[in-house]
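Residue-level listing of the chains:
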Amino acid sequence: MIATRTLSKTIAALILGASLTVGAIAQGPTPKHLYPETSAAQHDLDVAIAQAHRQHKRVLVDFGGDWCGDCQVLDIYAHQSPNTELLSKYFVKVNINISRIDTNIDIAKRCGVDLRGVPALAVLDNHGNVIFGQHNEFSNMRNMNSSDLTAFLNKWKQ
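Note that the coordinates shown come from a computational prediction; the quantities given were computed from them, not determined experimentally.

Here is what the cut-offs are and how they apply
- Residues numbered from 1 in each chain as written.
- Predicted model: local features only at pLDDT ≥ 70, side-chain atom pairs only at ≥ 80, totals over all residues.
- Heavy atoms only, no water.
- Helix = DSSP H or I, 4+ residues; strand = E, 2+ residues; numbered from the N terminus.
- Contact = heavy atoms within 4.5 Å.
- Areas by Shrake-Rupley, 256 points an atom, 1.4 Å probe, with all protein chains shown as cover.
- Core = buried A, V, L, I, M, F, W, Y, C linked by side-chain atoms within 4.5 Å.
- Buried < 20%, exposed > 50% of the residue type's maximum accessible area, 1.4 Å probe, protein only.
- Phe/Tyr/Trp six-rings, centres within 6.5 Å; stacked < 30°, edge-to-face > 60°.
- Axes fitted to C-alpha atoms, helices over the stretch in contact; angles between N-to-C directions.
- Parallel < 35°, antiparallel > 145°, perpendicular 65-115°, else oblique.
- Left-handed = near helix turned anticlockwise from the far one by under 90°.
- Nonpolar A, V, L, I, M, F, W, Y, C, P; charged D, E, K, R; others polar.

### Let's talk about the overall build of the protein
Thinking step 1. The helix and strand inventory of the protein stands at six helices and four strands.
Thinking step 2. The order of helices and strands in the protein, counted from the N terminus, is α-α-β-α-α-β-α-β-β-α.
Thinking step 3. Counting only contacts in the protein whose residues sit at least 6 apart along the sequence, the fraction spanning at least 24 positions is 70%.
Thinking step 4. Just so you have it, the protein exposes about 9000 Å², and 57% of that area is on carbon and sulfur atoms.

Structure (structure tokens):
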């Protein structure tokens, strides 16, 4: 009798856990806050360029928004090895909030970035000169791998 109750409780807990997991998947996770207020963009970019100049690094500019699932995936991949080490060693990363692809467009254009899809990345030298502006390469990040970001970072590191 005790074994049956214990088994029943275990099965109930498993079913409850499975239903909670399914419910969380159906609702989707709450997006992580990655991008600062849109008004901070130019200041944040200037600070990143100054830091890159002092540290002899490049600037990696990430254009996107918290609402963007592909931007969330890019952030996850950026925090995985070896990407986190590559970013730390070779880049100063700055996130630029483009709202619903209608804000900070002037900065994106100056960085050579096409905002038809986000996330979109730009690589600047430590003086703020554009080395590379992305055109939708990572806008489908959810169907890409962490190694795709690794290859990008390796290509554009100093």
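### A short note on the nonpolar core
Thinking step 1. Of all hydrophobic cores here, the largest spans 25 residues; its most connected members are L45, V59, V61, F63, V113 and L115.
Thinking step 2. When residues in this core are grouped by element, the largest group, five residues, is from helix α2 (residues 41-55).
Thinking step 3. Non-local contacts of V113, meaning those with residues more than four positions away in its chain, are made with F63, A108, A120, L121, A122, G133 and Q134.
Thinking step 4. Counting residues in each nonpolar core, the second largest holds 18 residues, with L86, L87, Y90 and L153 among its members.

### Concerning the packing of aromatic side chains
Thinking step 1. Evaluation of the coordinates by the stated rule reveals three aromatic pairs.
Thinking step 2. Ring pairs connect the aromatic residues F132, F138, F152 and W156, which therefore count as one cluster.

### Section: the packing of helix α4 (residues 83-90) against helix α6 (residues 146-156)
Thinking step 1. In the contact formed by α4 and α6, the axes pass within 9 Å of each other and the chain directions differ by 20°. Relative to α6, α4 is oriented roughly parallel. Like other packed secondary-structure pairs, α4 and α6 cross with a definite hand, here left-handed. Mapping the contact onto sequence places N83, L86 and L87 in α4 and S146, L149, T150, L153 and N154 in α6.
Thinking step 2. Per-class residue counts for the contact of α4 with α6 are four nonpolar, four polar and no charged.

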